[in-house]
Every structure is written in C-alpha cells, then in structure tokens.
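Residue-level structure breakdown
The lines below spell out each chain.
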Amino acid sequence: MTIQHNLEDPLDQEKELRRQVLDAVRAYHAFKHKNKSNFRPGDRISYAGRVFDEREVCNLVDSALDFWLTTGRYAEQFEREFAAFLGVKHCSLTNSGSSANLLAFMALTSPKLRDRRVLKGDEVITVAAGFPTTVAPIIQYGAIPVFVDVCLPSYNIDCAQLEDALSSRTKAVMVAHTLGNPFDLHAVKDFCDRHRLWLIEDNCDALGSRYYYRGEWKYTGTIGDLGTSSFYPPHHMTMGEGGAVYTDNQELARLVDSFRDWGRDCWCPSGKDDTCRRRFDQQFGELPPGYDHKYVYSHFGYNLKLTDMQAAIGCAQLEKLPGFIEARKLNWALLRKGLESLDDYFVLPQAAPQSDPSWFGFLLTVREGAGFSREQIVKHLEQQGIQTRMLFAGNLVKHPCFDEMRQAGSGFRVVGDLPITEKILQRTFWTGVFPGLTEDELVYMVDQIVSFVRAR
C-alpha cells in the first residue's frame, strides 16, 4: 500500500497520514479477525474471551502513533468516562485488577487517615471462597484477614457471622461480589457504618451489576468506600491487562494515586506540572523549604500505571459495555431456564434480593446424593469441548500459600469451620456466559449437562 501525503501544512499531513494508516488497520481487521464461524458440536466453547471489533484495533494503533506509551490522553479519557458511567467522582486506572485491590487496601494504611488508618496487626474481615488477590494485600502488608463463611445459593459472605468476626482490632471489610452476584450491601454497609469500618468492594467480577440501595439503583463497587475492577480478557471488558479503583472520597482517591505513582505527595497528572500552583513553596518534613513537590514522597509506593495503548482499547470497550452487560444477563438466563429441571441434582444460582447482576459465570454445585461427582461432570463437559472453572480458590486457607502461617498458628483467623466454603471446594464449578457465546453454544451446553444427568 502506498501512503500519499501531498498536503503542505504539516498538521494536515499528519492528520491525513494517520487517517490512511487507520483505514489500512480497518482493512486488516476485516481480513484477519473474521466473524465467528458456525458452531459445530465438539468445537471448543470457552468460559470467557475477548469481544472486539475494528474500533479497539484502531484505537490501539492510534495511541501507538502518538508513541506516548505511558499514561496519557486515552487514560484520562477512560478515567473520566468510566467514572461517569459508574456515577462516581474519581477513577484511577492501574495495570491490573490485582493491583487495583492492592492500591485500594494500601490507601487505607496511609498515616493521613489518622485513627482510621489500618495498622500492621489490625484485622480485615473477608471470605476464603474467592480469588486470592482479594486477600493477598492484607497479608502482604501485615494485617490479619479474618475469614467468615459464605451462603448458598448466593456464594457471597454470610452476614450473620459479621458480628462474630468483629474484634477491637477490626478496621475494614474487603469482599468480592461473587461472579457478578452482589453480596448483601445493606447488611455489610450498615455493619461497617455502625463500627466505623472501611468497606472495599472487590467488583472485578461484577462490573455492571446493580443493587437497590437506600431507595435507588446503584452500581456495585460504588456503595463502599472504594471499588475495584479488572480488565483482564475474561472480564466484562478488557484492555488485555488493566484495572481501576474508584471512589467518591477525594482523600482516598489521592491516596490511591499516591501509592500507584511511586508514593509521591504530588497529585499532578502524568506529564503536567504545578497543578496545585504550589510546587516550590511548601515545607515537608525535614526537606529544604520549597523542595520540588513532584519529588516529595509521603508513602512507600509503587509504579502501577498502565500504558495509554491499553487505555485506548478500554475506551472502545467502554462504548460496548452496556451491550456486554445485557448479553451476559441473557446468556445466564438461558442457562438458568434450560437447567431448572435439574434442581434435585444441583444447587442452581439465584440473584441476590434487590439486585440486578451482570453475571461473570454460571455456578453449579453438585448436591449430595446426586449420583455423580463434580469431577465426573466436569470431565464430561471438558471432553465435549465445554470449558469449566472452579470457584477460584474454593477454600483459600487450604492452599499451600497458607501452610507457613498455619504451622505458626498466626497470621489469619477463621470464624467457625467454614462448612459452605468447604462444600464449594469439593462440589462447585462454573461455565461461561460471556458475550461471545452464541445461542447454539449455550443450547449445546444445556443439552450436555442435562443428558449427562439423565444418563445417571
């Protein structure tokens, strides 16, 4: 392909060249990333995957042509538009959902929070039936996770155990909305408010889920003090890697940004100077008066920013997010209707009261006396090309990463015996509902599960 640029004005030349490049990108996308072929039984059915078109690829290349590489104009656009979508005041992009959880938790350890600061040895209430990076920041900092059980069929935190988990050292609750199903936000938030505790909503599997809270529908992740999202490819939208922390609390937002951006005290956006108009006329600790505020560090932080190329993909994905959410709901509903006759064999998932879930997957727990094990049905489905997943850790405290702490008899606390968590560890699995699935694939999934059960 020959690129023409006969214009005299350099700006016009640049604009025209960019247009021609992006036209070529659209043509390449049409050639390379063709629509999905018709499904045939036995074809691989993924539990999740990317759903994209030429807009994501064009945004990616458009950002690459700028060669800014680090956080830039697309990141600023995404943070602004994502916050508006959720209805919150502040959004901070980061390089993964795991980093989002780390930043949300570390913000609560800042000395700027005074008596509400989480100190080493303080306790944070959470659950073991979930993903490890909801809990890892607590342990890595030196706080104590306190594990309570979950309930079926919600797979979410058992709020009846919250008071039993409380101690004089409790400072926060940090839990996830399991596979898109909101936990009881009324109960958890009221508990936190009564005891002056922070609430972090791990919203990585629930982007777009809504909860009817105090007379209005609100997105999950926006009711607690901080919410987090992940943009890893299996999630509701993707940047390849990426995550976000969001809040209505300006102080917490600035703390998140500080820990994300090397621990610096300055809150100027990347590439901009003197936003506060006091860059050289402040006094910090034992530093010389007027020391450059861009190089004052109030925390031991990290560099957890993402690239502008990732954010460019995210901007295109964000336009599609409402459609993605609706597709997930429809796909989940199709599976639920198709499997409703199997209630004697499975604990079928149910939406939490006063909720409108944006589902991440379809959970099934094999009942005792079903006549088959989880391992048997999972093996059957995988052999038929249907990808399955466990409910992440199942029971996190039984994993090797807890062996040393268990042997030492310290580092975490468990309320009761976690019987439902243990049942999930032994009997639960899930299949996909992501927007890339076709109706033929979903019907095939239902047929394979029903036929397996009937054969027993």
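This text gives an overview of the structure that appears in the document. (Residues numbered from 1 in each chain as written. Predicted model: local features only at pLDDT ≥ 70, side-chain atom pairs only at ≥ 80, totals over all residues. Heavy atoms only, no water.)

1. Quick look at the overall build of the protein
Under the convention used in this document: Labels follow the DSSP assignment, with helices taken as runs of H or I lasting at least four residues and strands as runs of E lasting at least two, numbered in each case from the N terminus. Radius of gyration: over C-alpha atoms. The globule rule applied is 2.2 Å multiplied by the number of residues raised to the 0.38 power. Note on definitions: a residue-residue contact is assigned when non-hydrogen atoms from the two residues lie within 4.5 Å. In this tally Asp and Glu are treated as negative and Lys and Arg as positive; neither His nor the chain ends contributes. The location of each charge is read from NZ of Lys, CZ of Arg, CG of Asp or CD of Glu.
A count of helical and extended segments in the protein gives 13 helices and 14 strands. A globule of 456 residues ought to have a C-alpha radius of gyration of about 23 Å, and the protein, at 24 Å, matches this closely. Expressed along its principal axes, the backbone C-alpha trace of the protein runs to roughly 75 × 65 × 45 Å. At a minimum sequence separation of 6, the contacts of the protein that also span at least 24 residues come to 74%. Taken as two groups, the 52 positive and 59 negative side-chain charges of the protein have centres that lie 1 Å from each other.

2. Some words on the state of the cysteines
Covalent bonding between the sulfur atoms of two cysteines is what defines a disulfide. The condition is simple: The criterion for a disulfide is a pair of cysteine sulfur atoms lying within 2.5 Å.
Throughout the structure, instances matching the rule amount to zero disulfides. Sulfur of Cys58: no disulfide; nearest cysteine sulfur belongs to Cys315 and is 14 Å away. Distance from the sulfur of Cys204, which forms no disulfide, to the nearest cysteine sulfur (Cys91) is 12 Å.

3. Observations regarding a nonpolar patch on the surface
Using the following cut-off: Residues enter a patch when their relative accessible area is above 30% and they make no salt bridge; the linking distance is 9 Å between like charges and 5 Å between nonpolar side chains (Val, Leu, Ile, Met, Phe, Trp, Tyr). Per-residue and other accessible areas follow the Shrake-Rupley method at a 1.4 Å probe size, with only the shown protein chains counted as cover for residues. Each salt bridge in this description consists of a side-chain nitrogen of Lys or Arg and a carboxyl oxygen of Asp or Glu lying within 4 Å of one another.
A cluster of nonpolar side chains, contributed by Trp262, Leu287, Tyr291, Tyr295 and Tyr297, occupies part of the molecular surface with about 530 Å² of accessible area. As for its position among the elements, Tyr291 is in the loop between α8 (250-260) and α9 (308-339).

4. Thoughts on unusual backbone geometry
With omega at 10°, the peptide bond leading from Leu152 into Pro153 counts as cis. Mapped onto the secondary structure, Pro153 falls in the loop between β3 (144-148) and α6 (162-165). The backbone of Phe67 sits at a positive phi, close to 55°, despite the residue not being glycine. Mapped onto the elements of the fold, Phe67 is located in the loop between α2 (54-66) and α3 (73-86).

5. A closer look at the pairing of strand β8 (residues 226-230)
The condition is simple: The rule is simple: take the accessible area with a 1.4 Å probe, protein chains only, and divide by the maximum for that residue type; under 20% is buried, over 50% is exposed, in between is partly exposed. Here, a strand pair is defined by DSSP locating no fewer than two bridges between the strands.
Burial analysis of β8 places five of its five residues in the buried class, the great majority of the element. Strand direction decides the pairing type here: strand β5 (residues 198-202) and β8, joined by three bridges, are parallel. Looking across to β8, one finds that Ile200 is bridged to Leu226. Note: β8 against strand β9 (residues 243-247), four bridges, orientation antiparallel. Bridge assignment links Gly227 to a residue of β9, and that residue is Tyr246.

6. Remarks on the packing of aromatic side chains
The condition that has to hold: Two rings belonging to Phe, Tyr or Trp (six-membered ring only in the last case) form a pair when the distance between their centres is within 6.5 Å. Interplanar angles under 30 degrees mark stacking, angles over 60 mark edge-to-face geometry, and anything in between is tilted.
One pass over the full model with this rule turns up 20 aromatic pairs. Note on Tyr47 and Trp430: the rings are 5.4 Å apart at their centroids and 80° apart in plane angle, and the pair reads as edge-to-face. Note that Tyr47 is positioned in the loop between α1 (10-32) and α2 and Trp430 in strand β14 (residues 428-432), a separation of 383 residues in sequence. Trp430 matches Tyr47 in its accessibility class, with the two residues each being buried.

7. Considering empty space enclosed by the protein
Condition: Only protein atoms enter the 1 Å grid used here, on which a cavity is any set of points holding a 1.4 Å probe that cannot leave and a pocket is any open set flanked by protein within 12 Å on both sides along at least five of seven lines; residues with an atom within 4 Å of a point are listed as lining. Grid points are joined across faces, edges and corners, and a volume is the space filled by probe spheres set on the points. Each residue is assigned to one class: nonpolar for Ala, Val, Leu, Ile, Met, Phe, Trp, Tyr, Cys and Pro, charged for Asp, Glu, Lys and Arg, and polar for all the others, Gly among them.
As enumerated under the stated definition, the model contains one cavity of 30 Å³ or more in all. Around the largest cavity, the lining is made up of 13 residues, and of these Gly49, Val51, His235, His236 and Gln317 lie nearest the centre. A per-class count over the lining of the largest cavity returns six nonpolar, five polar and two charged.

8. Focus on helix α13 (residues 439-455)
What counts here: Working rule for helices: expected span equals 1.5 Å times residues minus one.
The end-to-end C-alpha distance of α13, which contains 17 residues, comes to 24 Å, matching closely the 24 Å that a straight helix rising 1.5 Å per residue would cover. Residues Glu441, Leu442, Tyr444, Met445, Val446, Gln448, Ile449, Phe452 and Val453 constitute the buried set of α13.

9. Remarks on the sheet that holds strand β6 (residues 210-213)
Spatially, three strands are ordered β7-β6-β11 in an open sheet, and the strand pairing comes out antiparallel. Pairing within the sheet leaves two strands with one partner each, and these edge strands are β7 (216-219) and β11 (355-356). Both β6 and β7 contribute to a ladder of four bridges, which runs antiparallel. What sits directly across from Tyr212, in β7, is Trp217.

10. Remarks on helix α4 (residues 97-107)
Rules: Polar contact is the term for a pair of N or O atoms within 3.5 Å; when the atoms are in protein, one must be able to donate a hydrogen and the other to accept it, and sequence-neighboring residues count only if both atoms are side-chain atoms.
Buried residues dominate α4, accounting for ten of its eleven residues. Capping the start of α4, Ser96 holds a side-chain oxygen 3.4 Å from the backbone nitrogen of Ser98, two or three residues further along.

11. Digging into the nonpolar core
We count it as follows: To qualify as a nonpolar core, a set must consist of buried Ala, Val, Leu, Ile, Met, Phe, Trp, Tyr and Cys residues joined through side-chain atoms within 4.5 Å.
Ile125, Ile157, Val173 and Val188 are the most contacted members of the largest nonpolar core, which has 32 residues in total. Elements that contribute at least two residues to this core include exactly β2 (123-127), β3, α6, β4 (170-176), α7 (185-195) and β6. Within the second largest apolar cluster, 29 residues are counted, among which are Leu339, Val378, Phe429 and Val446.

12. What to know about the environment of Lys272
Structurally, Lys272 can be placed in the loop between α8 and α9. The spatial distance from the C-alpha of Lys272 to the C-alpha of Phe131 is 37 Å, given a sequence separation of 141 residues. Contacts of Lys272, omitting those with residues within four sequence positions, involve Glu76 and Lys294.

13. A word on the pairing of β2
In the case of a regular strand, side chains alternate between the two sheet surfaces. The following threshold applies: Here is how to tell: hold the view so the strands point away, follow the path from the first strand over the helix to the second, and if it runs clockwise the crossover is right-handed.
By the criterion of burial, β2 is predominantly enclosed, with five of the five residues buried. With five bridges joining them, β2 and β3 adopt parallel strand pairing. Bridging from a neighbouring strand, Val127 pairs with Val148 of β3. Considered for its hand, the β-α-β crossover made up of β2, helix α5 (residues 136-141) and β3 is right-handed. Across three bridges, the pairing between β2 and β4 is parallel. If you follow Val124 over to β4, its bridge partner there is Ala172.

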